[in-house]
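So the chains spell out like this:
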Protein chains: 2
Amino acid sequence: MDRIRSQSLASLPKRRSGAGSVLVGIGDDCAVLNIPSGYETLVTTDFSLEGIHFRREWHSADTIGHRCLTRGLSDIAAMGGEPVAAFLSLAVPAETSQRWIDQFIVGMLRLAKRFGVTLAGGDIAQSPNGVLADISVVGSVPAGKAILRSGARPSDRIFVTGELGAPIALLEEMFAAPKRKFRPASYPAHFYPQPQVEVGRYLREKGIPSAMIDISDGLSTDLARICEESGVGAVISANAVPVASLGRHEVDLRHALHGGDEYQLLFTAPLKRRVPNVIAGVPVTLIGYIDESGELAIEHENGYTTELEPKGWEHFSAGAKNKVRTTRK
Amino acid sequence: MDRIRSQSLASLPKRRSGAGSVLVGIGDDCAVLNIPSGYETLVTTDFSLEGIHFRREWHSADTIGHRCLTRGLSDIAAMGGEPVAAFLSLAVPAETSQRWIDQFIVGMLRLAKRFGVTLAGGDIAQSPNGVLADISVVGSVPAGKAILRSGARPSDRIFVTGELGAPIALLEEMFAAPKRKFRPASYPAHFYPQPQVEVGRYLREKGIPSAMIDISDGLSTDLARICEESGVGAVISANAVPVASLGRHEVDLRHALHGGDEYQLLFTAPLKRRVPNVIAGVPVTLIGYIDESGELAIEHENGYTTELEPKGWEHFSAGAKNKVRTTRK
């Protein structure tokens, strides 16, 4: 948890006051939230399933709790919004210890606190098999300012935050050596992924993106979603994609292109719009441009351009019998 | 489905316009809702688990979809709110047919339509075992007007809507004759329970209740929650409890007292406050009063008063190995 320790709480992004508050939390039929006048309400739900999104033999309870909430916060970030409240529905097998549940909640609450998010409701129930956690996050955004997937236009440039591919590269190592222990502190991008709420907020405040999405399902798949919703095509440059390192080595380009299970933001911006190289300490990289083709293409180092197939996120099931067919919002 | 057919859509309660709308639904990172100025946002989540809340051998897909959404709408009703949007996270085993999923959605959407609720987001994922559905409902209520559990005061009278006990009495018959087919049309209170949104709205508009809850977990358990949150006690009269009929016979009083799996409203009102006998076609019955004792008591026909133990809702698991330990909001 070096990365978590190294950031003092005072310097961490907090929810802006005025963007919403929880009036009634856990303990009534509903939570009651105040989303102030002039703001719209954002809602996202994400189901995290054992064997698909995590494995208890690889992930401690607190990292699972953290990862579940990250998915919801990242969806709020991708709209340029402020998270306000989270709601947890957790189902665990009968033999699950109270300590495991407590640690799950600790992991979730630690992340919630960083963003000023209140856990405002939830259920804990017994599952017939495996741990299932559904997280709902409610946030807010100034009226009319939510950044959708559908606004990309030909000649817009395409940007991505952070460096890509480390979580999936680690997952591949886990599959290759299932008994090996990987220290969460050494692999924070996988065990404690950070939602880019502050970056999303900055981009929205400055009116930079024409379209935005988080790349939790992988760059290729999520870029395809922007193109589909916007009715456009895209070309990205293989050279330009910011590839993460794992240990001493850069990960494979395919992990950066198709990986997923990471929570960086992918956005488009009009050609003439200035985009900073770094926002809130996170690098922002130009990786390509939008065109009218309706197709996804990738320019390789050798100068050739080929089709970029969306191949994101079916990873945890790779070694399992289960075939995933998650449809995401 | 007699009951559903017999009510023309035109005469059904619809969400009041002005209480909120869905600006962006399925297909982006978040849904975007407009909750108008002067309203607060209500949020509730409910996990419905196979073997605990339903059984596929007893319940058709459309009744399960209906029942899942009823739980969320009923929570909104219990605050005196208007439902606006629903979000579904559904996990089903690999062998589940597309037809089953479609029918589940049909059952849910039919109910949603009746209340002007939009299905604004969701996931469908693969479950390792059994069907699990988590439903989130977002609604609205005029600012400061949400009816909480905590407002009951000594000398308040206690009321309940509808007639109680039929769903659980039917469940007992199902356990006794697991192979028998029960026609959903003949047992609408169990298969197609109706959330009391219109009654909740009326009560809130008239400022009648000091506290309110839905009795999805059973009268005794949910009355205990009001007493706990309000720091009061309660006495109810066994004679007064409105007992439902199943077929030609009244159900046992114990089912009406402890049943649950039904979606009537339990509310308290100040002594001098006039309360109609019927609201939106639903009977409203005076069943007791709040006192300062901090305890729950029941007056029997013979004049004796004994403790009323909270014994609600652990039913579907009665014949299963699973022991339920659901904690509800």
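Predicted model, so just to flag it, every value in this text is computed and none were measured.

**Q** Tell me about the domain arrangement of chain A, and please be specific about residues and values.
**A** Residue and element names in this part refer to chain A. Entries for chain A in the domain assignment read domain 1 (2-142) and domain 2 (157-314). A C-alpha centroid distance of 23 Å is found between domain 1 and domain 2. Contact with domain 1, which involves 34 residues of that partner, is made by 28 residues of domain 2. Summed over both partners, the interface of domain 1 with domain 2 comes to about 2,700 Å²; 55% of that surface belongs to carbon and sulfur atoms. Taken together, the connections running from domain 1 to domain 2 amount to 3 salt bridges. Salt-bridge contacts for Asp 261 lead to Arg 67; the nearest nitrogen and oxygen are separated by 3.2 Å.

**Q** Break down the side chain of Thr 268 of chain A for me, citing the residues and quoting the values.
**A** Residues and elements named next belong to chain A. By secondary structure assignment, the location of Thr 268 is in strand β12 (residues 265-269). For Thr 268, the side chain forms a polar contact with the side chain of Ser 210, separated by 2.6 Å. Excluding residues within four positions of it along the chain, Thr 268 makes contact with Ala 152, Asp 156, Arg 157, Ile 158, Ile 208, Pro 209, Ser 210, Ala 211, Ile 226 and Ile 290.

**Q** How would you summarise the packing of helix α2 (residues 61-77) of chain A against helix α3 (residues 98-114) of chain A if you had to cite specific residues and measurements?
**A** The geometry of a pair of packed helices is captured by two quantities: the angle between their axes and the separation between those axes. Residues and elements named next belong to chain A. α3 packs onto α2 with a crossing angle of 40 degrees between their chain directions and a minimal axis gap of 7 Å. As summarised for this structure, α2 and α3 are arranged oblique, according to the angle between their axes. Of the two possible hands of crossing, α2 and α3 adopt the one that is right-handed. Listed contacts from α3 to Ala 61, Asp 62, Ile 64, Gly 65, His 66, Cys 68, Leu 69, Thr 70 and Leu 73 of α2 are Trp 100, Gln 103, Phe 104, Gly 107, Met 108, Arg 110, Leu 111 and Ala 112.

**Q** Break down the sheet that holds strand β5 (residues 118-126) of chain A for me, with residues and values.
**A** Taken in spatial order, the 6 strands line up as β5(A)-β4(A)-β6(A)-β3(A)-β2(B)-β1(B) in an open sheet, and their pairing is mixed. The open sheet has two edge strands with one neighbour each: β5 of chain A together with β1 (21-24) of chain B. Adjacent strand axes in the sheet meet at a mean angle of 25 degrees when their direction is disregarded. Bridging between strand β4 (residues 82-92) of chain A and β5 of chain A involves 8 bridges; their strand directions are parallel.

**Q** I'd love a proper account of unusual backbone geometry, names of residues and values included.
**A** Leave glycine aside and you will find that most residues have negative phi; peptide bonds, for their part, are mostly trans. Positive phi outside glycine occurs at Asp 261 of chain A, with the angle close to 55 degrees. With respect to the helices and strands, the residue Asp 261 of chain A is situated in the loop between α8 (253-258) and β12. The exposure class assigned to Asp 261 of chain A is buried, which follows from its relative accessible area of 3%. The phi dihedral of Ser 155 of chain B falls on the positive side, at around 85 degrees, and the residue is not glycine. Structurally, Ser 155 of chain B is set in the loop between β6 (132-142) and β7 (157-161). For Ser 155 of chain B, a relative accessible area of 40% gives the class partly exposed.

**Q** How would you sum up the interface of chain A and chain B? Please name residues and give values.
**A** Interface size is commonly expressed as the accessible area that is lost once the parts come together. Contact residues are listed per partner, giving 62 residues for chain A and 61 residues for chain B. At the boundary of chain A with chain B, total buried surface from both sides reaches about 5,200 Å², with 52% on carbon and sulfur atoms. Inspection of the region where chain A meets chain B yields 4 salt bridges. A salt bridge links Asp 28 of chain A to Arg 149 of chain B; the nearest nitrogen and oxygen atoms lie 3.7 Å apart. There are 16 residue pairs in polar contact (both at pLDDT 80 or more) connecting chain A and chain B. Those elements that provide at least two residues to the side of chain A that touches chain B are β1 (21-24), β2 (31-34), β3 (39-49), α2, β4, β5, β6 (132-142) and β8 (211-214) of chain A. The element that contributes the greatest number of residues to the side of chain A that touches chain B is β3 of chain A, accounting for 9 residues.

**Q** How would you explain the packing of aromatic side chains if you had to name every residue and give the values?
**A** For the coordinates displayed, the defined rule picks out 9 aromatic pairs over all chains. Here Trp 58 of chain B and Phe 175 of chain B contribute two aromatic rings whose centre-to-centre distance is 5.2 Å and whose plane-to-plane angle is 85 degrees, an arrangement assigned as edge-to-face. Remark: Phe 175 of chain B occurs in helix α4 (residues 166-176) and Trp 58 of chain B occurs in the loop between β3 (39-49) and α2 (61-77); sequence separation between them is 117 residues. The ring of Trp 58 of chain A is capped by Arg 55 of chain A, whose NZ or CZ atom sits 4.7 Å from the centre of that ring.

**Q** I'd like a rundown of the relation of the copies chain A and chain B, residues and numbers included.
**A** Of the two same-sequence chains, chain A is brought onto chain B (RMSD 0.0 Å, axial shift 0.0 Å) by a rotation of 180 degrees. Such values leave the two copies arranged in the relation of a two-fold axis. In terms of C-alpha distance to the rotation axis, chain A has Ser 37 of chain A as its closest residue, with the C-alpha 2.5 Å off the axis. Mapped onto chain B, 98% of the interface residues of chain A again fall at the interface, so both copies present the same surface.

What counts and what doesn't
Residues numbered from 1 in each chain as written. Chains lettered and ligands numbered in written order. Predicted model: local features only at pLDDT ≥ 70, side-chain atom pairs only at ≥ 80, totals over all residues. Heavy atoms only, no water. Domains from an automatic or database assignment. Contact = heavy atoms within 4.5 Å. Buried area = accessible area lost by both parts, 1.4 Å probe. Salt bridge = Lys/Arg side-chain N within 4 Å of Asp/Glu carboxyl O. Helix = DSSP H or I, 4+ residues; strand = E, 2+ residues; numbered from the N terminus. Polar contact = N/O pair within 3.5 Å; in protein donor to acceptor, adjacent residues only side chain to side chain. Axes fitted to C-alpha atoms, helices over the stretch in contact; angles between N-to-C directions. Parallel < 35°, antiparallel > 145°, perpendicular 65-115°, else oblique. Left-handed = near helix turned anticlockwise from the far one by under 90°. Pairing = 2+ DSSP bridges. Buried < 20%, exposed > 50% of the residue type's maximum accessible area, 1.4 Å probe, protein only. Phe/Tyr/Trp six-rings, centres within 6.5 Å; stacked < 30°, edge-to-face > 60°. Lys NZ or Arg CZ within 6 Å of the ring centre and 35° of its normal. Least-squares fit on C-alpha atoms with pLDDT ≥ 70 in both.

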